[in-house]
Amino acid sequence: MNKKRWVKIGVGFLAFLLIVDVIASFYFYDLAIKREEKDFLQDNDDLVVSREAMDVFVSGGWRDWVDNQEFDYWELESFDGLRLQGYYLEAKEPTNKTVVFAHGYLGRARDMGLYGEHYYEDLGYNILSVDLRGHGQSDGDYIGFGWHSRLDLVDWIDKLLERQGDDAEIVLHGLSMGASTVLMSSGEDLPDNVKGIVADSPYTSVHDLFKYQMTRMFNLPSFPILNTTSIVTEAKANYSLKEASALDQVKKTDVPILYFHGNSDDFVPTRMTRELYKNTNSEAELKVFEKSGHGEAFAIYKDEYIKVLNEFLNDQID
């Protein structure tokens with residue numbers, strides 16, 4: 001076979017690989033980022049919940065507590081014109097302390113009632129829990145994994161200050177994607193009213209998370225598919241997977257951060273939180289729970305979780 005023939009075969013093969021790469025990139029964008037029903041997580045062994053945690057998540061009294069509260073409905077227009085939905089619950093007794101909640105992937109604001117009941121009933125906080133863009137009742141045709149929502153949180157904080165005044169003291173508390181969202185917001189120009197951040201089971205960056213999941217869930221190398229997926233994401237959702245980095249943001253934050261993670265978390269590996277903790281510019285604490293899967297710590301170790309949380313809040317809030 002002559003040289004020209006080999007060149008044609010080589011070029012054809014490379015063109016074939018490029019086509020496969022592009023198709024795969026659009027597939028993964030639709031799979032993880034496009035706002036639509038997601039069934040690929042239903043049989044994911046990494047998200048199998050322990051019976052102890054499931055009892056709390058499904059039938060815990062916190063759900064009845066959420067249903068029995070009279071939340072005020074707040075709306076916000078984002079920097080790019082989306083209508084975002086928030087739910088505000090004023091404390092029983094007047095207070096300047098408020099917790100702002102950010103939920104996890106495919107979740108919604110009411111899910112954070114698991115933690116909200118403690119803040120409200122035991123600590124006497126006001127609550128603002130929001131549907132992140134692309135979730136719940138908020139607009140958005142893509143999931144930003146926290147990157148654009150970090151700016152939305154800044155706007156929610158400003159709206160909160162308009163209501164509560166300059167003496168407001170605010171804590172941000174996020175779970176999973178919400179944890180990375182509050183960490184991403186930590187690197188922004190936050191007002192001094194934000195006294196602390198609680199991040200439960202965060203990832204370092206969207207790129208790192210996808211790279212880990214592509215290998216674990218699909219047995220695929222991240223290169224070149226992930227690079228092309230990032231290009232698709234930037235074109236369709238206006239952010240790249242590498243720029244959506246909680247790690248870069250905590251390197252410049254001055255807000256104290258409390259990290260929680262379970263050491264049996266196979267969905268977002270514990271090493272990511274350890275890396276975040278190690279690179280946090282501000283005062284930081286880390287609590288790792290034994291035999292706890294993704295986001296299970298509060299359900300399994302509630303008393304210990306609350307003890308660590310309360311100590312952190314007492315240190316940061318006047």
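The structure under discussion appears in the preceding block.
First, a word on scope: everything that follows refers to the structure included in this document. (Residues numbered from 1 in each chain as written. Predicted model: local features only at pLDDT ≥ 70, side-chain atom pairs only at ≥ 80, totals over all residues. Heavy atoms only, no water.)

## As for the nonpolar core
Part 1 of the argument: Residues I33, F145, L183, Y203, F210 and Y239 are the most contacted members of the largest nonpolar core, which totals 61 residues.
Part 2 of the argument: Of all the elements, helix α5 (residues 149-164) adds the most residues to this core, at six residues.
Part 3 of the argument: With residues near it in sequence (within four places) discarded, F210 still touches A32, I33, F145, L226 and L241.
Part 4 of the argument: Formed by 35 residues, the second largest nonpolar core is a distinct cluster that contains F71, L114, Y125 and A299. (Core = buried A, V, L, I, M, F, W, Y, C linked by side-chain atoms within 4.5 Å. Buried < 20%, exposed > 50% of the residue type's maximum accessible area, 1.4 Å probe, protein only. Helix = DSSP H or I, 4+ residues; strand = E, 2+ residues; numbered from the N terminus. Contact = heavy atoms within 4.5 Å.)

## What about the pairing of strand β2 (residues 83-89)?
Part 1 of the argument: In terms of burial, β2 is a largely internal element, six of the seven residues being buried.
Part 2 of the argument: By the bridge criterion, six bridges tie strand β1 (residues 72-77) to β2 in an arrangement that is antiparallel. Bridging across to β2, E77 finds its partner in R83.
Part 3 of the argument: Where β1 folds back onto β2 in an antiparallel hairpin, the turn is made up of five residues, including G81, whose phi is positive at roughly 85°.
Part 4 of the argument: Where β2 and strand β4 (residues 126-130) come together, four bridges link them in antiparallel fashion. (Pairing = 2+ DSSP bridges.)

## What about helix α8 (residues 225-237)?
Part 1 of the argument: In this model, α8 (13 residues) spans 17 Å end to end at C-alpha, consistent with the 18 Å of a helix rising 1.5 Å per residue.
Part 2 of the argument: Taken together, the buried positions of α8 are occupied by I225, L226, T228, T229, S230, V232, T233 and A237.
Part 3 of the argument: Where α8 terminates, the next one or two residues include N238, which has phi positive at roughly 65°. (Expected span 1.5 Å × (residues − 1).)

## A closer look at the side chain of S129
Part 1 of the argument: Mapped onto the elements of the fold, S129 is located in strand β4.
Part 2 of the argument: A relative accessible area of 5% places S129 in the buried class.
Part 3 of the argument: A distance of 2.8 Å separates the side chain of S129 from the backbone oxygen of A109, its partner in a polar contact. (Polar contact = N/O pair within 3.5 Å; in protein donor to acceptor, adjacent residues only side chain to side chain.)

## A word on helix α12 (residues 302-316)
Part 1 of the argument: Taking 1.5 Å per residue as the helical rise, α12 with its 15 residues ought to reach 21 Å, and the 21 Å between its terminal C-alpha atoms agrees with that figure.
Part 2 of the argument: For α12, the set of buried residues is Y305, I306, V308, L309, N310, F312, L313 and Q316.
Part 3 of the argument: Looking at the buried residues of α12, the elements they touch are α4 (113-122), β5 (169-175), β6 (194-200), β7 (257-262), β8 (284-289) and α11 (297-300).

Read these as layout, nothing more, since geometry by itself doesn't imply function.
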